There are 2 protein chains.
Amino acid sequence: MNKTTPAIKQDIKVSVDAIVFGYNQENGISVLLIKRKIDPFADQWALPGGFVHNEESLEEAVARELKEEAGVSINYLEQLFTFGKPDRDPRTRIISVAYFGLVKSADFSLFASTDASEAAWFNIYELPPLAFDHQEIVGKAIARLRAKITYEPIGFELLDARFVFSDLEQLYMKLLGHNIDRRNFKRKVMSLGLVIELDEKAPSIGAGRPGNLYSFDYEKYKQLKVNGFDLNKLL
Amino acid sequence: MNKTTPAIKQDIKVSVDAIVFGYNQENGISVLLIKRKIDPFADQWALPGGFVHNEESLEEAVARELKEEAGVSINYLEQLFTFGKPDRDPRTRIISVAYFGLVKSADFSLFASTDASEAAWFNIYELPPLAFDHQEIVGKAIARLRAKITYEPIGFELLDARFVFSDLEQLYMKLLGHNIDRRNFKRKVMSLGLVIELDEKAPSIGAGRPGNLYSFDYEKYKQLKVNGFDLNKLL
DNA sequence: ACAAAAGTGTTGCGGCTACACCCATGG
DNA sequence: CCATGGGTGTAGCCGCAACACTTTTGT
């Protein structure tokens, strides 16, 4: 915002990019990418995104692009960072507002099985070369995810509405890259009061005792958020 | 970033805004504001900022505007958030990338005493009405400052190169809004190893024993940052 | 000598880590 | 009946919060 109008005409375009994470047991933590069809970087993988329309908000733009390009609908979205180096796009100056999104495991699994050929999920530890500065953007998003999961219950956004405790455990371990004690982890999570135990058992697959099903308590989460709460490090 | 060029022409401008905090004993924690000269919101207080030039990075734009509008040079700067609601500016669509900056106490005090009439510092607890959505932006910046001070040593960026321990203490108390134990606070801060005690005493003002001077160890900070370090909550 | 501010040390409680045992299911 | 994974309990250590005394200066 300025007090004077700029002397020279501004020639900058605004786009949004989405870094969407999904998770399931087989594929681990994954990012949604699309294959570019035109130059520059034709046939390379890139983040879904596109130019912001004149009348829509940034969040609307992200949601629209995700639907158009990948048919995905998101259940958690927050702004990540704005990338604005003058030469980040070889064509012209483009400033991109990057958003960080999460999809439920059910949606992710559904989509992962189809081969829409244009869009695909990649495990965060096995990413292909990316167009533009998208490598850097994804790196920042992963760092955010890793940090955020230790102080906000976003892990639940990646699971199904009803989940087995070991799923949550594994998600944390895969993301943080080290083992965590099963029992201490459960005690900590339960002590937050955000997870409720259901009166239902998971179907048993193979050996071992079937676990209970749990679900995330959104109501309680909202309450706690208002009063301001500190999650202890979940390690 | 999109695979297709947008059908309709994009008509959005990009600006940067700066939320710069300063601190000294008398005035407390303050924000730098400028008085607008033209409509809309003529004669109202607003954040320093302005349109991004075609060839400069976002950070360069912030630095330039701060120099032009207030003659201030910053010693810490990070991106805060991007505000992009379609109607946040009554004239036309403007997306603003907000930056969060800190100035040293010495620079702040120097500037606070002059009355440049255009730019002025306001205590964060006594802000005037602000133009546009700048109230919201400042709110977000204060929240960030308050949160960040508990896990990163940005408090030092607001003090002089050499400072008395009670200054740091008071800064924290003023920002967090509650008392903290002098002795525990000092022990925690010193245990981080980021503060070194100098062989110099502060001049004594009025009653009481004069304190030692301390300084922030940037070298050690960089080292720790590389290895990844967790600051305990400083309460 | 007294007030005011800075420096330093100690103790006790709570929370976290590390660990072991029991339970339910499939093969 | 054995392997595999889920559920629960406990002891000991460490860290942090709460707190008191001494030191140095001005008046």
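Structural data are supplied above this passage.
Residues numbered from 1 in each chain as written. Chains lettered and ligands numbered in written order. Predicted model: local features only at pLDDT ≥ 70, side-chain atom pairs only at ≥ 80, totals over all residues. Heavy atoms only, no water.

Enquirer: When you look at the packing of helix 5 (residues 165–176) of chain A against helix 6 (residues 182–191) of chain A in this model, what are you seeing that I'm missing?
Expert: Helices that pack against each other are described as a pair by the angle of their axes relative to one another and the distance between those axes. All names here are of chain A. Closest axis-to-axis distance for the helix 5/helix 6 pair is 11 Å, and the angle between their directions is 105°. Between helix 5 and helix 6, the angle is such that the two are roughly perpendicular. The residues of helix 6 that touch helix 5, namely those facing F165, L168, E169 and Y172, are R182, F185, K186, V189 and M190. Residue composition of the contact of helix 5 with helix 6, grouped by class: 6 nonpolar, no polar and 3 charged. (Axes fitted to C-alpha atoms, helices over the stretch in contact; angles between N-to-C directions. Helix = DSSP H or I, 4+ residues; strand = E, 2+ residues; numbered from the N terminus. Parallel < 35°, antiparallel > 145°, perpendicular 65-115°, else oblique. Contact = heavy atoms within 4.5 Å. Nonpolar A, V, L, I, M, F, W, Y, C, P; charged D, E, K, R; others polar.)

Enquirer: Just to check I follow, could you spell out the sheet that holds strand 10 (residues 212–216) of chain B for this structure?
Expert: Residues and elements named next belong to chain B. The antiparallel open sheet is built from 3 strands, whose spatial order is 8-10-9. For this open sheet the edge positions go to strand 8 (162–164) and strand 9 (195–201), each flanked by a neighbour on one side alone. Sheet twist, expressed as the average angle between the axes of neighbouring strands with direction ignored, equals 45°. As judged from the 3 bridges shared by strand 8 and strand 10, these two strands associate in the antiparallel manner. Across the sheet, V164 pairs through a bridge with L213, a residue of strand 10. Each of strand 8, strand 9 and strand 10 is contacted by helix 5 (residues 165–176), which is oriented at about 75° to strand 8, the strand it contacts most. (Pairing = 2+ DSSP bridges.)

Enquirer: It is not clear to me how the relation of the copies chain A and chain B should be interpreted in this structure. Could you clarify?
Expert: In this structure, two copies of a chain are linked by a rotation about an axis accompanied by a shift along it. Mapping chain A onto chain B calls for a screw motion: a turn of 180° about the axis and a shift of 0.0 Å along it, with 0.1 Å RMSD after fitting. In symmetry terms, the pair is related by a two-fold rotation axis. The residues that chain A uses at the interface reappear at the interface of chain B in 100% of cases, marking a shared surface. (Least-squares fit on C-alpha atoms with pLDDT ≥ 70 in both.)

Enquirer: When you look at helix 5 of chain A in this model, what are you seeing that I'm missing?
Expert: In an α-helix, one turn spans 3.6 residues; hence positions three or four apart end up facing the same way. Residue and element names in this part refer to chain A. With 12 residues, helix 5 extends 17 Å from end C-alpha to end C-alpha; this agrees with the ideal 16 Å at 1.5 Å per step. Within the span of helix 5, buried status applies to F165, L168, E169, L171, Y172, M173, L175 and L176. G177 sits one or two residues past helix 5 and shows a positive phi near 80°. (Expected span 1.5 Å × (residues − 1). Buried < 20%, exposed > 50% of the residue type's maximum accessible area, 1.4 Å probe, protein only.)

Enquirer: I would appreciate a short explanation of the protein's contact with DNA strand D in the present structure.
Expert: Close contacts around DNA strand D come from 24 residues, with A:R182, A:R183, A:G208, A:R209 and B:R183 the closest. When atoms of DNA strand D within 4 Å of the protein are sorted by moiety, sugar and phosphate together comprise 47%. The side chain of A:R187 places a nitrogen or oxygen atom 3.0 Å from a base oxygen of DNA strand D. Taken together, the elements giving at least two residues each to the surface near DNA strand D come down to helix 6 and strand 10 (212–216) of chain A together with helix 6 (182–191) of chain B. Here the residues of the surface near DNA strand D sort into 5 nonpolar, 9 polar and 10 charged. (Near = heavy atom within 4 Å. Polar contact = N/O pair within 3.5 Å; in protein donor to acceptor, adjacent residues only side chain to side chain.)

Enquirer: What exactly am I supposed to notice about the pattern of salt bridges here?
Expert: Opposite charge on two side chains permits pairing when their charged atoms draw close. Under the counting rule described, the total for this entry stands at 26 salt bridges over all chains. Between A:R64 and A:E56 there is a salt bridge; the shortest N-O distance is 2.6 Å. In terms of burial, A:R64 and A:E56 fall into one category: buried. As a salt-bridge pair, B:R162 and B:E200 come within 2.6 Å of each other at their nearest N and O atoms. Remark: B:E200 occurs in strand 9 and B:R162 occurs in strand 8; sequence separation between them is 38 residues. Here B:E200 falls in the partly exposed class, since its relative accessible area comes to 37%. Connected through shared salt-bridge partners, A:E56, A:R64, A:E65 and A:E68 make up one network. (Salt bridge = Lys/Arg side-chain N within 4 Å of Asp/Glu carboxyl O.)

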